[in-house]
Amino acid sequence: MEDKRFTIPLKCFFCDCELQGDSETEFSSGDMLECQECGEFNDYDALIDVVADESKKLAKQYAKEEIENIFKKAFK
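In this text, all values refer to a predicted model and were calculated from it rather than measured experimentally.

## What to know about the overall build of the chain
Point 1. From N to C terminus, the chain includes one helix and two strands.
Point 2. Order of helices (α) and strands (β) in the chain, N terminus to C terminus: β-β-α.
Point 3. Whereas a compact globule of 76 residues would reach a radius of gyration of roughly 11 Å, the chain reaches 17 Å, over 25% beyond that.
Point 4. Its C-alpha atoms put the chain at 55 × 25 × 20 Å along the principal axes.
Point 5. By residue count, 11% of the 76 residues in the chain fall in the buried class.
Point 6. Counting only contacts in the chain whose residues sit at least 6 apart along the sequence, the fraction spanning at least 24 positions is 41%.
Point 7. Side-chain charges of the chain comprise 10 positive and 19 negative groups, with the mean position of each set lying 17 Å from the other.

## A short note on the environment of Phe 75
Point 1. Examined against the element boundaries, Phe 75 turns out to sit in the segment after helix H1 (44–74).
Point 2. A residue is classified by how much of its surface remains accessible, and Phe 75, at 66% relative accessible area, is exposed.
Point 3. In sequence terms Phe 75 and Tyr 62 are 13 residues apart; their C-alpha atoms lie 20 Å from each other.

Conventions adopted
- Residues numbered from 1 in each chain as written.
- Predicted model: local features only at pLDDT ≥ 70, side-chain atom pairs only at ≥ 80, totals over all residues.
- Heavy atoms only, no water.
- Helix = DSSP H or I, 4+ residues; strand = E, 2+ residues; numbered from the N terminus.
- Rg over C-alpha atoms; globule rule 2.2 N^0.38 Å.
- Buried < 20%, exposed > 50% of the residue type's maximum accessible area, 1.4 Å probe, protein only.
- Contact = heavy atoms within 4.5 Å.
- Lys, Arg positive; Asp, Glu negative; His and termini not counted.
- Charge placed at Lys NZ, Arg CZ, Asp CG, Glu CD.

Right under this line is the structure:
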């Protein structure tokens, strides 16, 4: 199984648009990120929790598919 990288964008909780920002800015716990589309503020910690959950789902799905492929090749 190869090392797989997933890209999961941060999305606004209010309008579901991808959050854009200065790539030089570092955010930390407690920060509020303003959506450029709707102007609402999104809690950094909540955004990270959503991304962590989504990444776990993607990794699990990828691992399952890789294991299925390995078994298919093994029992051909």
